[in-house]
Amino acid sequence: MSLIVVLLAVGIVLFFFEVIVPGAVLGTLGGLSMLGGVVVAFMRYGIVGGACATLVALAVLGTVLYVEFRILPRTRLGKRMFLHSAI
């Protein structure tokens with residue numbers, strides 16, 4: 001159980017940093033980590049456990065991405081991190 005939680009948490013954290021650090025490497029590693037967590041959940045707990053892990057991972061990922069794209073740019077820190085003009 002702890003391996004599943006660790007893999008999903010690492011995947012979420014890597015997705016969080018992917019928005020801040022461009023390059024798609026962190027997002028790819030985050031996706032693979034989350035996929036690994038879901039696969040381990042399917043192997044250990046069957047279809048029901050894997051489906052629950054998938055739903056939880058997608059819900060948490062959606063929440064993190066919502067916070068990053070909707071709430072973070074409106075904060076003082078977010079205004080300093082994101083570009084507002086094109087070159």
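Structural notes, computed from the coordinates. (Residues numbered from 1 in each chain as written. Predicted model: local features only at pLDDT ≥ 70, side-chain atom pairs only at ≥ 80, totals over all residues. Heavy atoms only, no water.)

**Considerations on the side chain of glutamate 18**
Stage number 1. Topologically, glutamate 18 is positioned in helix H1 (residues 2–20).
Stage number 2. One buried charged side chain, glutamate 18, makes no salt bridge at all; its nearest oppositely charged neighbour is arginine 70, positioned 18 Å away.
Stage number 3. If we skip the residues at most four places from it in the chain, glutamate 18 touches Gly23, Ala24, Val25, Leu26 and Gly27. (Helix = DSSP H or I, 4+ residues; strand = E, 2+ residues; numbered from the N terminus. Buried < 20%, exposed > 50% of the residue type's maximum accessible area, 1.4 Å probe, protein only. Lys, Arg positive; Asp, Glu negative; His and termini not counted. Salt bridge = Lys/Arg side-chain N within 4 Å of Asp/Glu carboxyl O. Contact = heavy atoms within 4.5 Å.)

**A few points about H1**
Think of an α-helix as 3.6 residues a turn; residues three or four steps apart then line up on the same face.
Stage number 1. The end-to-end C-alpha distance of H1, which contains 19 residues, comes to 27 Å, matching closely the 27 Å that a straight helix rising 1.5 Å per residue would cover.
Stage number 2. Among all positions of H1, only Ile4, Leu8, Gly11, Ile12, Leu14 and Glu18 are buried. In an axial view of H1, the angular spread of the buried residues amounts to 165°, which keeps them on one side of the axis.
Stage number 3. Buried positions along H1 lie against helix H2 (25–71). (Expected span 1.5 Å × (residues − 1). Arc of directions from axis to C-beta.)

**Comments concerning the packing of H1 against H2**
Stage number 1. In the contact formed by H1 and H2, the axes pass within 6 Å of each other and the chain directions differ by 20°. Judged on the interaxial angle alone, H2 and H1 are roughly parallel. In the packing of H1 onto H2, the handedness of the crossing is right-handed. (Axes fitted to C-alpha atoms, helices over the stretch in contact; angles between N-to-C directions. Parallel < 35°, antiparallel > 145°, perpendicular 65-115°, else oblique. Left-handed = near helix turned anticlockwise from the far one by under 90°.)

**A few points about the packing of aromatic side chains**
Stage number 1. Here the structure, examined in full by the defined rule, presents 1 aromatic pair.
Stage number 2. Arranged with centres 5.3 Å apart and planes meeting at 75°, the rings of phenylalanine 16 and phenylalanine 17 form a pair that is edge-to-face.
Stage number 3. Take phenylalanine 16: its relative accessible area is 30%, and that puts it in the partly exposed class.
Stage number 4. By relative accessible area, phenylalanine 17 is classed as partly exposed at 39%. (Phe/Tyr/Trp six-rings, centres within 6.5 Å; stacked < 30°, edge-to-face > 60°.)

**What to know about H2**
Stage number 1. The end-to-end C-alpha distance of H2, which contains 47 residues, comes to just 24 Å, noticeably less than the 69 Å that a straight helix rising 1.5 Å per residue would cover.
Stage number 2. Remark: the principal bend of H2, roughly 145°, maps to tyrosine 45. (Bend = angle between axes of the 7 residues up to and from the residue.)

**Focus: the environment of leucine 83**
Stage number 1. Relative to the helices and strands, leucine 83 is located in the segment after helix H3 (76–81).
Stage number 2. Accessibility expressed as a relative area gives 79% for leucine 83, which makes it exposed.
Stage number 3. On a C-alpha basis, the gap between leucine 83 and valine 38 in space is 35 Å, while along the polypeptide they are 45 residues apart.

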